[in-house]
Amino acid sequence: MGYQESLRPISHLAEAAGIKKAIEEYKDHPDLPEYCHYYCVAREKGTGALYACVGGQRCRVHIVAGIDIDDCMPYDKGYSDYYEDVDEALVEEAAKQRPDLVEQAYQAVAASFERAADWERSGRRGVRHRDEATFKERAVEVIPSSKSGEERLVALLDENGEMNSRNLSGELGMSITRVRSELRKLIDMGSVVPIGNGRARKYRLAEERPRSLVQSS
């Protein structure tokens, strides 16, 4: 399902320690998708809002954190334009001062992992898993893989209309970094138009496109 970095809102630094603890304790769970890592606490510039930053296999990450970083900023901006890392020593100190918040956050994430594991076990017993037909598998059926990344992206937008970068990444089976690179090229060519800003940003085909891309789609 590809790599994803996402954010989980927190109200106190100590909560990040509990999230980290749960991720580490469940890292080898046999009924959970692949891998997930806690990276740091991110502080949003301007607002001071705090988030636990988590990365790894998309399905596993979304069990813990649901705000995808790539949807939080324009395609031509980066993480450091909007966020700054908080010194992990401050997280550790906060955890010592508020162990109750550490435990609270740990229990919340652990419960999410347990629900996901139960869901996976139910799927193996014959109950259809809602992600059984993955984005990547559906993309293989809809968008021939022999086409270039640009052609596949254009074909997908032509079929579905407006889409955000996260959905494009999932449908095409491409990393979010590559999708954003392809989008940047298509926008510069005048083939794709960005709509909205930040997490709400989507992309659609331009009214008039270069002839080569019109023919390929």
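How each quantity is defined
- Residues numbered from 1 in each chain as written.
- Predicted model: local features only at pLDDT ≥ 70, side-chain atom pairs only at ≥ 80, totals over all residues.
- Heavy atoms only, no water.
- pLDDT = per-residue confidence, 0-100.
- Helix = DSSP H or I, 4+ residues; strand = E, 2+ residues; numbered from the N terminus.
- Contact = heavy atoms within 4.5 Å.
- Pairing = 2+ DSSP bridges.
- Axes fitted to C-alpha atoms, helices over the stretch in contact; angles between N-to-C directions.
- Buried < 20%, exposed > 50% of the residue type's maximum accessible area, 1.4 Å probe, protein only.
- Arc of directions from axis to C-beta.
- Salt bridge = Lys/Arg side-chain N within 4 Å of Asp/Glu carboxyl O.
- Parallel < 35°, antiparallel > 145°, perpendicular 65-115°, else oblique.
- Nonpolar A, V, L, I, M, F, W, Y, C, P; charged D, E, K, R; others polar.
- Polar contact = N/O pair within 3.5 Å; in protein donor to acceptor, adjacent residues only side chain to side chain.

1. So, the confidence of the model for the protein
Turning to step 1, where the next piece is worked out: Per-residue confidence for the protein gives a mean pLDDT of 80, with 82% of residues at or over 70.
Turning to step 2, where the next piece is worked out: The spread of mean pLDDT over the elements of the protein runs between helix α6 (residues 135-142), the lowest at 36, and helix α4 (residues 88-97), the highest at 97.
Turning to step 3, where the next piece is worked out: Taken as a whole, residues 127-146 scores under 50 in pLDDT and shows 26 contacts with residues more than four places along the chain or in a different chain.
Turning to step 4, where the next piece is worked out: Residue range residues 211-217 is modelled with pLDDT below 50. Its contacts to residues more than four positions away, or to other chains, number twelve contacts.

2. Looking at the sheet that holds strand β5 (residues 83-86)
Turning to step 1, where the next piece is worked out: With respect to topology, five strands assemble into an open sheet ordered β4-β1-β3-β2-β5, the strand pairing being antiparallel. In this open sheet, the two strands that pair with only one neighbour each are β4 (67-68) and β5.
Turning to step 2, where the next piece is worked out: When strand β1 (residues 3-10) meets β4, the two strands line up antiparallel, connected through two bridges. Paired with Ser6 across the two strands is Asp68, which belongs to β4.
Turning to step 3, where the next piece is worked out: Strands in contact with helix α1 (residues 13-25) are β1, β2 (36-44), β3 (50-57) and β5; relative to β2, the strand with the most contacts, it is inclined by about 165 degrees.
Turning to step 4, where the next piece is worked out: Sitting on the sheet, α4 touches β2 and β5, and the angle it makes with β2 is about 95 degrees.

3. So, α4
Turning to step 1, where the next piece is worked out: Among the residues making up α4, those that are buried are Val91, Ala94 and Ala95. End-on, the buried residues of α4 take up no more than an arc of 105 degrees, which puts them together on one face. The outward face of α4, more than 90 degrees from its buried face, is lined by the exposed residues Lys96 and Gln97.

4. Some thoughts on the pattern of salt bridges
Turning to step 1, where the next piece is worked out: Within the structure shown, the criterion is met by three salt bridges.
Turning to step 2, where the next piece is worked out: Between Arg98 and Asp100 there is a salt bridge; the shortest N-O distance is 2.8 Å.
Turning to step 3, where the next piece is worked out: Classification of Arg98 as partly exposed rests on a relative accessible area of 32%.
Turning to step 4, where the next piece is worked out: With a closest N to O distance of 3.3 Å, Lys185 and Glu182 form a salt bridge. Taken together, the residues Lys185 and Glu182, both in helix α9 (residues 176-189) and three residues apart, mark about one turn of the helix.

5. Describing the packing of helix α7 (residues 149-160) against α9
Two measures define how a pair of helices packs: the angle their axes make with one another and the distance between the axes.
Turning to step 1, where the next piece is worked out: Put simply, α7 and α9 touch, their axes get as near as 10 Å, and they point 80 degrees apart. Relative to α9, α7 is oriented roughly perpendicular. Note on element contacts: α9 touches α7 through Arg178, Val179, Glu182, Leu183, Lys185, Leu186 and Met189, opposite Gly149, Glu150, Leu153 and Val154.
Turning to step 2, where the next piece is worked out: For the contact of α7 with α9, the per-class residue count stands at six nonpolar, one polar and four charged.

6. Things to note about the packing of α1 against α4
Turning to step 1, where the next piece is worked out: The contact between α1 and α4 brings their axes to 7 Å, and the two run at 95 degrees. Taken as axis vectors, α1 and α4 run roughly perpendicular relative to one another. Residues Leu13, Ala14, Ala16, Ala17 and Lys20 of α1 form the contact with α4, whose own contacting residues are Glu88, Leu90, Val91, Ala94 and Ala95.
Turning to step 2, where the next piece is worked out: Here the residues of the contact of α1 with α4 are counted per class, giving eight nonpolar, no polar and two charged.

7. Considering the environment of Asp85
Turning to step 1, where the next piece is worked out: Note on placement: Asp85 falls in strand β5.
Turning to step 2, where the next piece is worked out: Its relative accessible area of 51% is what places Asp85 among the exposed residues.
Turning to step 3, where the next piece is worked out: Separated by 34 residues in the primary sequence, Asp85 and Tyr51 place their C-alpha atoms 9.7 Å from one another.
Turning to step 4, where the next piece is worked out: Leaving out residues up to four positions away in the same chain, Asp85 has contacts with Cys40, Val41 and Tyr79.
Turning to step 5, where the next piece is worked out: Only 2.6 Å separates the side chain of Asp85 from the side chain of Tyr79, close enough to count as a polar contact.

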